[in-house]
Amino acid sequence: LKGVYAEDQYRKQQEFERVKYKFSLISGLFSFAVLMSVLLSGGFSFLDLYIRQFTNHPIGMALLFFGIIGFLSDLLSMPFEVYDTFRIEQQFGFNTTSVRTYVVDKLKSWLLAAVFGGLILSLIVYFYTEIGEWFLLLAFSLVTAFSIFVNYFYTTLFVPLFNKLTPLEEGVLKNEIEKYCLSVNFRIHSILVIDGSKRSKRANAYFSGFGHNKKVVFYDTLLSDHSNDEIIAILAHEIGHYRKKHVVKGLILGMLQTAFLFWVLSVFLSTPFLSGALGSQPGFHMGLLSFVLLFSPFSALIGILVNYVSRRHEYQADYFASVTFKAQSLANALKRLSANNLSNLTPHPLYVFFRYSHPTLLQRLEAISNVKQEELPN
Ligand SMILES: [Zn+2]
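Let me sum up the structure you'll find in this document. (Residues numbered from 1 in each chain as written. Predicted model: local features only at pLDDT ≥ 70, side-chain atom pairs only at ≥ 80, totals over all residues. Heavy atoms only, no water.)

## Section: the coordination of the zinc ion
Piece 1. Here the zinc ion is held by the protein donor atoms His 237 (NE2), His 241 (NE2), Glu 314 (OE) and Glu 314 (OE), which lie 2.1 to 2.7 Å from it.
Piece 2. Seen from the zinc ion, its 4 donor atoms lie at angles of 53 to 136 degrees, and the figure they make is irregular.
Piece 3. Counting residues between consecutive donors of the zinc ion along the chain gives the motif H-x3-H-x72-E. Of this pair, His 237 and His 241 both sit in helix H8 (residues 228-243), 4 residues apart, roughly one helical turn. The burial state of His 237 is the same as that of His 241; both residues are buried. (Donors = N, O, S within 2.8 Å, 3.2 Å for Na, K, Ca; no water. Tetrahedral: all angles 85-135°; square planar, octahedral: opposite > 155°, others 65-115°. Helix = DSSP H or I, 4+ residues; strand = E, 2+ residues; numbered from the N terminus. Buried < 20%, exposed > 50% of the residue type's maximum accessible area, 1.4 Å probe, protein only.)

## Comments concerning the nonpolar core
Piece 1. Judged by nonpolar contacts, the single largest core of 45 residues is most densely connected at Ile 177, Tyr 180, Ile 188, Phe 218, Leu 235 and Ile 239.
Piece 2. Once you skip the residues sitting within four places of it in the chain, Ile 239 turns out to touch Tyr 180, Cys 181, Phe 186, Ile 188 and Phe 320.
Piece 3. Formed by 29 residues, the second largest nonpolar core is a distinct cluster that contains Val 125, Phe 127, Val 264 and Phe 291. (Core = buried A, V, L, I, M, F, W, Y, C linked by side-chain atoms within 4.5 Å. Contact = heavy atoms within 4.5 Å.)

## Some details on helix H11 (residues 284-294)
Piece 1. With 8 of 11 residues buried, H11 lies mostly within the body of the structure.
Piece 2. Among the residues of H11, Phe 284, His 285, Met 286, Gly 287, Leu 288, Leu 289, Ser 290 and Phe 291 are the ones counted as buried.

## Concerning unusual backbone geometry
Piece 1. With a phi angle near 60 degrees, Asn 185 is a residue other than glycine that sits in the positive phi range.
Piece 2. Examined against the element boundaries, Asn 185 turns out to sit in the loop between helix H6 (172-183) and strand S2 (190-194).
Piece 3. Residue Asn 185 is classed as exposed on the basis of its relative accessible area of 64%.
Piece 4. Not every positive phi belongs to a glycine, and Lys 245 is a case in point at roughly 60 degrees.

## What about the packing of helix H5 (residues 135-158) against helix H9 (residues 246-269)?
Piece 1. With their axes 9 Å apart at the nearest point, H5 and H9 run at an angle of 150 degrees to one another. Of the two possible hands of crossing, H5 and H9 adopt the one that is right-handed. Every residue of H9 that contacts H5 at Phe 135, Leu 136, Ala 139, Phe 140, Val 143, Thr 144, Ser 147, Ile 148 and Asn 151 is listed here: Val 247, Leu 251, Met 255, Thr 258, Ala 259, Phe 262, Trp 263, Leu 265, Ser 266 and Leu 269.
Piece 2. The residue inventory of the contact of H5 with H9, partitioned by class, reads 14 nonpolar, 5 polar and no charged. (Axes fitted to C-alpha atoms, helices over the stretch in contact; angles between N-to-C directions. Left-handed = near helix turned anticlockwise from the far one by under 90°. Nonpolar A, V, L, I, M, F, W, Y, C, P; charged D, E, K, R; others polar.)

## Overview of the packing of helix H3 (residues 58-91) against H11
Piece 1. The contact between H3 and H11 brings their axes to 8 Å, and the two run at 40 degrees. Between H3 and H11, the crossing angle belongs to the class labelled oblique. Every residue of H11 that contacts H3 at Met 61, Ala 62, Phe 65, Phe 66 and Ile 69 is listed here: His 285, Met 286, Leu 288 and Leu 289.
Piece 2. When grouped by side-chain class, the residues that make up the contact of H3 with H11 number 8 nonpolar, 1 polar and no charged. (Parallel < 35°, antiparallel > 145°, perpendicular 65-115°, else oblique.)

## What about the pairing of strand S3 (residues 205-208)?
Piece 1. Every second residue of S3 is oriented toward a common face, with Ala 205 and Phe 207 on one face and Tyr 206 and Ser 208 on the other, all of them buried.
Piece 2. Pairing analysis gives 4 bridges linking S3 to strand S4 (residues 215-219), with the strands arranged antiparallel. When the bridges of S4 are listed, Phe 207 appears paired with Val 216.
Piece 3. Where S3 hands over to S4, the hairpin turn is made up of 6 residues, of which Gly 209 adopts a positive phi near 85 degrees. (Pairing = 2+ DSSP bridges.)

## Quick word on the packing of aromatic side chains
Piece 1. Evaluation of the coordinates by the stated rule reveals 33 aromatic pairs.
Piece 2. Linked through ring pairs, Phe 116, Phe 146, Phe 149, Tyr 152, Phe 153 and Phe 158 together constitute an aromatic cluster.
Piece 3. In this structure, Lys 108 is placed above the aromatic ring of Phe 162, and the distance from its NZ or CZ to the ring centre is 5.8 Å. (Phe/Tyr/Trp six-rings, centres within 6.5 Å; stacked < 30°, edge-to-face > 60°. Lys NZ or Arg CZ within 6 Å of the ring centre and 35° of its normal.)

## Considering the pattern of salt bridges
Where side chains of opposite charge bring their charged atoms close, a pairing between them can arise.
Piece 1. Inspection of every chain in the model, using the stated rule, returns 14 salt bridges.
Piece 2. Here Asp 105 ties to Arg 199 by a salt bridge, and the two come within 2.6 Å at their closest N and O atoms. Of the two residues, Asp 105 sits in helix H4 (residues 99-131) while Arg 199 sits in the loop between S2 and S3, which places them 94 residues apart along the sequence.
Piece 3. Residue Arg 199 is classed as buried on the basis of its relative accessible area, which comes to 19%.
Piece 4. Arg 364 is paired through a salt bridge with Asp 318; the nearest N and O atoms lie 2.8 Å apart. Pair noted here: Arg 364 is in helix H15 (residues 361-369) and Asp 318 is in helix H12 (residues 296-324), with a separation of 46 residues, a long-range link. With respect to burial, Arg 364 and Asp 318 carry one shared label: buried.
Piece 5. Overlapping salt bridges bring together Lys 20, Asp 84, Glu 89 and Arg 202 as one network. (Salt bridge = Lys/Arg side-chain N within 4 Å of Asp/Glu carboxyl O.)

Here's what the structure looks like:
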């Protein structure tokens, strides 16, 4: 990994790592302390009694209960978010978010959470209280349909709420991209550029949609910092994800998770002592809350599996890009991305095992250098 960072930039990276670590320790301890004090002081049962003054309808109670919890917890985490964006990211030269953008983003995300979260929560409560025996199947179908909907329309409907997307302009890069896509027989429906520089100097690229709605999105920050070959290598990696059916596999893995989640939820809902443990009378919203609180060890375990699968997919996409395009360009692109994002070059292997969705830079470079460059027809 020699040469990824210049000497002074490496010192900056180490300092960044220290600052980020201290920050996450403090914010993590804070949210743990808040949760414990709410639990020990009977805060949830107090809130339960409070909302029962306004309605006794299960849907109304669930909306009020989780609306208040969601809003308050977002308010509590806001100072940390502001510090992270306007202090840490600013200090290390990443932040470009204006206060105005931050406020507008906040309002929009609250609105989205209220509309979609409210709608899904209402339907799930309705399925449980009104239809009963079909609960598992209905809740599963609803969440699955929603995630497919979001996946398909992500770039068309949701991203434009926060960013401006423009088609990649005509020119050398676009021609070379089209030539590459032709060589691997892949039809992209649009190549877009997103104004990521509106919020941060960090660079990225992603692929979204499926079927007749395949889109590749480049951050403007990526285009300004990388050579054409590096950009195409990144695109080839993204196409590799699609070719190896990672989008579909991801959806199926998500469906399995959803099915398991609702099964555990239905067990929790039929266990009244859990609401009692939170100091209140049984009700759908209290059952759901106890589920949310107690499910986190399970989701940590599921996270290990999901990350493991994701890391394997990254290797496969890298392999695809190395074979169908240029291994050296991909390696250069990954090095430059790591350096620009001040990535940690030497994370602890255990931390990688638990938390990393991507292999480390060293692991990826080693895998890429092992790929035998095959001669492809044209
Ligand atoms: Zn990838």
